[in-house]
Amino acid sequence: MALDIIVCDDSKFARNQLIRVIPKKIAKNIYTAANGKEAMELLREGRGKLMFLDLNMPVMDGYEVLEAIRQEGLRVMIIVVSGDIQQQALEIIKKYKVLSFLKKPLVPEELHELLTKYGLCHEDDLEDLADPSLAIDHSESKPFDELGEKINIATGLAASKIADMLNLFVTMPLPNIKVETGTKISNDIQSWLDMTGNIIVSQGFDGDGILGESLIYFSFKDINTYTKAVTNNSKLDEQTKNSLVIELASIISGTLMRNFTHQINYIITFNFPGLVSPNVEHNLTHPELANSKILNVELTYTIKDLNMNIKFQILFNHSTSEKLKEIMALV
């Protein structure tokens with residue numbers, strides 16, 4: 001059965017990965033969408049009978065797409081493919097008519113088993129897979145697209161950890177990846193710490209040429225909100241609050257970075273987490289780093305039920321950035 005297929009994901013790398021494992025015989029046409037808005041436009045034009053849908057995207061995310069499809073009564077078979085593995089996320093999508101949920105990174109055998117289960121293909125069809133060049137996709141790959149996709153998958157695991165701890169849904173961030181100077185990043189750090197009560201938890205990591213630092217920013221308000229939520233006590237002393245926040249930061253950083261390096265087949269070790277001291281020069285102000293290129297990955301987790309945001313930042317020096325490019329070409 002040949003179908004018009006939509007592959008909706010904000011990462012071109014992820015779209016191509018998925019298209020490569022679609023059995024060629026089930027694909028009449030393959031359309032791609034970089035966000036939910038583009039996917040909805042294709043559906044309204046009648047171009048999709050089967051859609052692979054990511055949940056976390058800019059402009060219009062997958063949850064909004066599912067709701068729009070229900071509101072408009074559009075007929076399309078949907079397979080959700082996402083790094084958002086929170087139990088709360090799975091409960092949300094159960095309210096909609098989706099065939100199934102597949103977690104990232106996608107395992108081809110799981111996809112083929114699912115397509116066979118629903119009679120969309122037969123075992124003989126699996127020998128001939130689709131060619132990504134056949135997809136109608138005019139978008140360009142973004143710099144760091146593959147890095148962003150692997151970070152996104154790791155982000156989902158960390159979000160799930162936080163959600164399980166608090167029994168609350170966590171809105172997953174989209175990675176914002178950019179190159180900045182050490183001086184620029186150091187100035188931003190100091191500006192945050194200049195605000196009364198704000199803290200930053202730092203944790204370094206290294207291994208096999210991968211060297212960097214994670215920074216997790218907590219505002220005075222969010223420190224009080226989080227510590228009250230986990231202890232049901234609003235009268236904790238500052239040292240206890242800081243200990244609880246440092247523990248949370250270590251869980252986020254450790255979960256995310258271990259999963260990311262697992263995806264690229266590397267092992268890293270972590271330094272002990274600690275608070276960044278205000279009014280003390282950060283390592284990034286060192287002459288060797290002040291004007292050098294630092295790869296800066298920014299993420300912000302949102303816990304709407306607590307009105308709380310957690311900004312997470314991963315910094316890689318220039319040599320590590322070049323190492324990551326080399327690794328990405330090999331995995």
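What you see is a predicted model, and the numbers here were worked out from it, not measured in a lab.

**Some remarks on the overall build of the protein chain**
- Along the backbone of the protein chain there are eleven helices and twelve strands.
- A compact globule built from 331 residues should have a C-alpha radius of gyration of about 20 Å, and the protein chain, at 22 Å, falls within 12% of that.
- Viewed in the frame of its principal axes, the protein chain has a C-alpha envelope of about 65 × 45 × 30 Å.
- In the protein chain, the share of contacts with a sequence separation of at least 24, taken over all contacts with a separation of at least 6, comes to 72%.
- Entry remark: accessible area of the protein chain is about 16200 Å², with carbon and sulfur atoms responsible for 50%.
- Each charge sign in the protein chain was given a centre, from 33 positive and 44 negative side chains, and these centres are 5 Å apart.

**Brief notes about the packing of helix H8 (residues 220–231) against helix H9 (residues 238–263)**
- Where H8 meets H9, the axes come as close as 10 Å, and the angle between the chain directions of the two elements is 90 degrees. By the angle class used here, H8 and H9 are roughly perpendicular. Contacts from Ile223, Asn224, Tyr226, Thr227, Val230 and Thr231 of H8 reach H9 at Lys241, Leu244, Val245 and Leu248.
- Classifying every residue of the contact of H8 with H9 gives six nonpolar, three polar and one charged.

**Structural notes on the packing of aromatic side chains**
- In the structure shown here, the tally under the stated rule is four aromatic pairs.
- Cation over ring: Lys311 sits above Tyr217, and NZ or CZ is 4.3 Å from the ring centre.

**Remarks on the pairing of strand S8 (residues 210–218)**
- Within S8, eight of the nine residues are buried, leaving the element largely enclosed by the surrounding structure.
- In this structure, strand S7 (residues 199–207) lies alongside S8, joined through nine bridges in antiparallel fashion. The residue of S8 that forms the bridge with Ile200 is Tyr217.
- In this antiparallel pair of consecutive strands, S7 and S8, the connection spans two residues, and Asp208 shows a positive phi of 50 degrees.
- Bridge count between S8 and strand S12 (residues 308–316): six bridges; the pairing is antiparallel. Pairing of Ile216 across the sheet is with Phe312, part of S12.

**Section: the pattern of salt bridges**
- Under the counting rule described, the total for this entry stands at 16 salt bridges.
- Of the charged contacts, one joins Lys311 and Glu298 as a salt bridge, the two residues approaching to 3.9 Å between their closest N and O atoms. Here Lys311 is found in strand S12, whereas its partner Glu298 is found in strand S11 (residues 293–303), with 13 residues between them in sequence.
- With a shortest N-O distance of 3.3 Å, Glu322 and Lys325 are connected by a salt bridge. Of the two residues, Glu322 and Lys325 both sit in helix H11 (residues 318–330), three residues apart, roughly one turn of that helix.
- Glu322 sits in the partly exposed class, given a relative accessible area of 36%.

**Side note on a negative patch on the surface**
- Taken together, the side chains of Glu123, Asp124, Glu127 and Asp128 present a region of like negative charge at the surface.
- Counting through the fold element by element, Glu123 comes out in the loop between helix H5 (108–117) and helix H6 (145–166).

Reading the values: rules and limits
Residues numbered from 1 in each chain as written. Predicted model: local features only at pLDDT ≥ 70, side-chain atom pairs only at ≥ 80, totals over all residues. Heavy atoms only, no water. Helix = DSSP H or I, 4+ residues; strand = E, 2+ residues; numbered from the N terminus. Rg over C-alpha atoms; globule rule 2.2 N^0.38 Å. Contact = heavy atoms within 4.5 Å. Areas by Shrake-Rupley, 256 points an atom, 1.4 Å probe, with all protein chains shown as cover. Lys, Arg positive; Asp, Glu negative; His and termini not counted. Charge placed at Lys NZ, Arg CZ, Asp CG, Glu CD. Axes fitted to C-alpha atoms, helices over the stretch in contact; angles between N-to-C directions. Parallel < 35°, antiparallel > 145°, perpendicular 65-115°, else oblique. Nonpolar A, V, L, I, M, F, W, Y, C, P; charged D, E, K, R; others polar. Phe/Tyr/Trp six-rings, centres within 6.5 Å; stacked < 30°, edge-to-face > 60°. Lys NZ or Arg CZ within 6 Å of the ring centre and 35° of its normal. Buried < 20%, exposed > 50% of the residue type's maximum accessible area, 1.4 Å probe, protein only. Pairing = 2+ DSSP bridges. Salt bridge = Lys/Arg side-chain N within 4 Å of Asp/Glu carboxyl O. Patch = residues over 30% accessible without salt bridge, like charges linked within 9 Å, V, L, I, M, F, W, Y side chains within 5 Å.

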